[in-house]
Amino acid sequence: MPLAPSKPASMVLQPLTVPTYPLTARLTPAAIASCLALHIANGIDNRADLARASNLSRTTVATGVDFLTERGLLERSTTHTPDGRGRPSDRLHFAAPIGLIAVADLGVTSSTVSLFTPDQTCLGSRLVFVDLARGPEIAVPALLEHLQSLISSLDETYGTVEICMIAVPGPVDARRSGVNRPPLLKGWGTYSLENAFVAALGCPVIVDKDVNLRALGEARTSVPTDLPLILVKVASAIEAGIVLANGDLYRGVEGFAGDVGHIASRAAGDKLCACGNTGCLQTIASTDALVSQLSELRDENLDLGDFERLVGAGDPAATRILREAVRGLGEVLAGLVNFTNPSRIVLSGTVTHWNPGILSGLRGAIYERALPIATSRLTVSTAVHGDWSGAAGALTLALEAIFSAERLSSLSVEDFHS
Ligand SMILES: [Zn+2]
């Protein structure tokens, strides 16, 4: 049958703006140096490998190496072959006094402060037991005291702290660089962590959500990992860090992306949540909810340690509450899997230490409800870095900041030689 003659559709299109990309006519020496410094931070120690890894010519690599050496950031040492014959080889490494990276990974009841060198060596770390709920006036001086004592315990050839990264267990208000949402942490709503740490350390300070840093730490392991990735932390809040396929974090317009705890879950029924809604995942699956459900059932005043102990001992009530919580979490994550089609889901937080069955329960609940096409390449695992995911993510962000082309271009040769 012949096709009916078509009639031209009238179309009025709003003018588009098609994305254009800036041309890089000439790489600046600082941009070359930035690229090479990050490769050196990743463990490359000679010019030939730098040229291979960066795809730059040997001459361009030489320009970047000279840039870093002239500003006192890079040193060269010569290694001779054991028999003294063959050609001696030059090894490149960061100069000792170029500075330290401090990381404070804050948890509601315990925090970790650590010091790293730019070649990713951890020089020391301390577990600090301070309850953030006691307010910043008590918690921050305690954290700073431990960090300062760690710094003063080091040989001064390591230099001073160049940058400090702070991971906080809750949303970050970018305008105040502090902890937001007072219901989670009383007294922190108007406090600027950034100002307090800058005043004490005299260096730039970057504050970010711990789930964002943990997700970045998992995304940037030396073994290439599959992206996109969603890291979910189950603690007194249930939050996620999202790393996109290009390796960038997804934060959302106000930095609130990843608030998984306030997504509705059928398993939560009509339980009232602190946010004012009913049926939030938070009401059955946060660590506080686990403890309060068991306390109510046993008519006892239990804490998280009790819950962990009872789960470990196979207590039927604690096990059932945990199993229901994992099912609820899996149901919500299945929705996220259908919506975002990630390659990897990482479970993080204290619950991962309790029972290996948690992960298989979560996997089962996700696979049961997510569409098969969305789960065909999905892996569900715990963190590669374990409890160090947050510090790992903080370290990668710190390295990007201290070796950014912008910062390197502000360093002058004269400053180093004077
Ligand atoms: Zn809620």
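Just above, that's the structure.
Here we summarise the structure given alongside this text. (Residues numbered from 1 in each chain as written. Predicted model: local features only at pLDDT ≥ 70, side-chain atom pairs only at ≥ 80, totals over all residues. Heavy atoms only, no water.)

1. Let's talk about empty space enclosed by the protein
Then, number 1: Tallied over the full model, the rule gives one cavity of 30 Å³ or more.
Then, number 2: Size it by volume and the largest cavity reaches roughly 100 Å³.
Then, number 3: As for the largest cavity, its lining consists of V234, A285, L290, L322, A325, V326, L329, L347, V351, I358 and L362.
Then, number 4: Of all the elements in the fold, those that place two or more residues in the lining of the largest cavity are α10 (316-340) and α11 (357-369).
Then, number 5: The element contributing the most residues to the lining of the largest cavity is α10, with four residues.
Then, number 6: Residues that form the lining of the largest cavity fall into these classes: eleven nonpolar, no polar and no charged. (1 Å grid on protein atoms, 1.4 Å probe; cavity = no way out; pocket = protein on both sides within 12 Å on 5 of 7 lines; lining within 4 Å. Points joined across faces, edges and corners; volume = space filled by probe spheres on them. Helix = DSSP H or I, 4+ residues; strand = E, 2+ residues; numbered from the N terminus. Nonpolar A, V, L, I, M, F, W, Y, C, P; charged D, E, K, R; others polar.)

2. Describing the packing of helix α1 (residues 29-41) against helix α2 (residues 47-54)
Then, number 1: Remark: α1 packs on α2, axes separated minimally by 10 Å, with the N-to-C direction vectors making an angle of 110 degrees. Classified by the angle their axes make, α1 and α2 are roughly perpendicular. In this structure, the crossing between α1 and α2 has a hand that is right-handed. The segment α1 lies against α2, with C35, L36, H39 and I40 engaging L50, A53 and S54. (Axes fitted to C-alpha atoms, helices over the stretch in contact; angles between N-to-C directions. Parallel < 35°, antiparallel > 145°, perpendicular 65-115°, else oblique. Left-handed = near helix turned anticlockwise from the far one by under 90°. Contact = heavy atoms within 4.5 Å.)

3. Section: the layout of surface pockets
Then, number 1: One number sums up the size of the largest pocket: a volume of about 1000 Å³.
Then, number 2: Taken together, 37 residues form the lining of the largest pocket, with G107, T109, S110, R214 and T350 sitting closest to its centre.
Then, number 3: Grouping the amino acids of the lining of the largest pocket by side-chain chemistry returns 14 nonpolar, 15 polar and eight charged.
Then, number 4: What the second largest pocket holds in volume is close to 530 Å³.
Then, number 5: If you trace the second largest pocket, you find 21 residues lining it, with N42, Q120, R220, T221 and T396 closest to the centre.
Then, number 6: Listed by contribution, the elements that provide at least two residues to the lining of the second largest pocket are α1, α6 (210-219) and α13 (389-402).
Then, number 7: For the lining of the second largest pocket, the class distribution of residues is twelve nonpolar, seven polar and two charged.
Then, number 8: Residue contributions to the lining of the second largest pocket reach at least three from each of two domains, namely domain 1 (29-79) and domain 2 (98-210 + 392-403). (Domains from an automatic or database assignment.)

Read these as layout, nothing more, since geometry by itself doesn't imply function.
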